[in-house]
Amino acid sequence: MPALVLLGAQWGDEGKGKATDLLGGSVDYVVRYQGGNNAGHTVVVGDQKYALHLLPSGILSPGCTPVIGNGVVVDPSVLLSELSGLNERGVDTSKLLISGNAHIITPYNVTVDKVTERFLGKRKIGTTGRGIGPTYADKINRVGIRVQDLYDESILTQKVEAALDVKNQMLTKLYNRRAIAVEQVVEELLGYADKLAPYVADTVLVLNEALEQDKVVLFEGGQGTLLDIDHGTYPFVTSSNPTAGGACTGAGVGPTKISRVIGILKAYTTRVGAGPFPTELFDEDGEALRRIGGERGVTTGRDRRCGWFDAVIARYATRVNGLTDFFLTKLDVLTGWEQIPVCVAYEIDGRRVEELPYSQTDFHHAKPVYEMLPGWNEDISKAKSFSDLPKNAQAYVKALEEMSGAPISAIGVGPGRTETIEINSFL
Ligand code: IMP
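Residues numbered from 1 in each chain as written. Predicted model: local features only at pLDDT ≥ 70, side-chain atom pairs only at ≥ 80, totals over all residues. Heavy atoms only, no water.

Considerations on the site of the ligand
Residues in contact with the ligand amount to 16 residues; listed here are only the nearest, D13, N38, T128, T238 and R302. At a separation of 3.1 Å, an oxygen atom of the ligand approaches a polar side-chain atom of R302. For the ligand, the protein covers 96% of the area, taking 470 Å² as the surface of the free molecule. Of the residues that constitute the shell around the ligand, the class distribution is six nonpolar, eight polar and two charged. The residue makeup of the shell around the ligand includes at least three contributed by each of domain 1 (3-87 + 203-422) and domain 2 (103-198). (Near = heavy atom within 4 Å. Polar contact = N/O pair within 3.5 Å; in protein donor to acceptor, adjacent residues only side chain to side chain. Areas by Shrake-Rupley, 256 points an atom, 1.4 Å probe, with all protein chains shown as cover. Nonpolar A, V, L, I, M, F, W, Y, C, P; charged D, E, K, R; others polar. Domains from an automatic or database assignment.)

Below, the structure is given as structure tokens:
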């Protein structure tokens, strides 16, 4: 009954696509359990590069069934164009399953995301503008539209009416925008119904039956631990639960079924959007990490903020997710530095603090306390085993492991599918 959760241990963009895809060949189901097309995975297969936003990366592994779980928010137009883009490149997408309970990102949710961000001005979250937050808000407010609603026109119309009732007041009276017509939205949504129908399924049943039959199921988190609505740097977070518990609610699988929780950890740190980031660099080192690491958002095209590795965050991720392993990515990006600073604790108003402060005020005041680790100059992209790494790179990995509280079971040394050192098998 191997059920693995693979999630971001930092602020997202840790290179989960590569890790998921590496496992994809040996797993039967790859499930997304939260988020939507705010995520962005780059997967490199041979000389082909795929940028996925909504689809689970298992879509590229022929034997694997990709699943969009009930906890995901789905923009049908994005989903269909992602599918047709893959089909044009010869990828078979017919095995995809979408939960009938997943919520739909409607055009008005996208509008609300954009206007509220604009209204917040300098207090904005820096969202991806994809309608994620407003769609989850509708879900919690019980005015959301689910995939299954596309198959009952009368219910769909009633629900869109209910959702637009207040939103149109807000759009016209507060934001000075035009009202959105119910019929127009209903017509657009109904237009997706037939195209999505072959994929819609009771994914909770499918996944639990698969686990009973000893199939391997991989739950793939979008974003990362520090962007979690409950456990992240609120309010500078996304509106769902990328942490391990989200896999249970977002896919309908009980916690007793999860056998392993793997945190993807970049060898340094990045963040997109606003919010605190203690190890952020504003100097040449930050520029170099951005350039060498190709730190530009797959989804938004925005430059990512870059900084040194933060062990306080890694320890926190181990705790809130119950991590059993880490997959350390992008170690190759650090090649060429004489010394590499690693944040081992924070200094907050003159106090040394070892653990992530629960208070937002403290976190905003946190200054990194660095330990300097010796760097290396050798090209590590061809390394196949841990012992192939230069001594200083080995020591860097070992130091991170010790500080972070879980074994590092795999190391990414380049963007390609094969450029990974496996230390302990995940299966
Ligand atoms: P939203 O998810 O579009 O609502 O954006 C909320 C915050 O999460 C913003 O700071 C985004 O930049 C960030 N965010 C959302 N998705 C990702 C991701 O996949 N990687 C990194 N940051 C993300």
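Overview of the domain arrangement of the protein
When its domains are assigned, the protein resolves into domain 1 (3-87 + 203-422) and domain 2 (103-198). Here domain 1 and domain 2 have C-alpha centroids that lie 30 Å from each other. Contacts between the two partners involve 26 residues from domain 1, matched on the other side by 18 residues from domain 2. Roughly 1800 Å² of surface becomes buried between domain 1 and domain 2 when both sides are summed, with 63% attributable to carbon and sulfur atoms. Looking only at domain 1, the three residues that lose the most surface to domain 2 are V73, P76 and L80, adding up to 29% of its buried area. Seen at the junction of domain 1 and domain 2, the total is zero salt bridges. Along the contact surface separating domain 1 from domain 2 lie seven residue pairs in polar contact (both at pLDDT 80 or more). For the side of domain 1 that touches domain 2, the element with the most residues is helix α2 (residues 76-88), which contributes four residues. Of the residues assigned to the side of domain 1 that touches domain 2, the class counts are 10 nonpolar, 14 polar and two charged. (Contact = heavy atoms within 4.5 Å. Buried area = accessible area lost by both parts, 1.4 Å probe. Salt bridge = Lys/Arg side-chain N within 4 Å of Asp/Glu carboxyl O. Helix = DSSP H or I, 4+ residues; strand = E, 2+ residues; numbered from the N terminus.)

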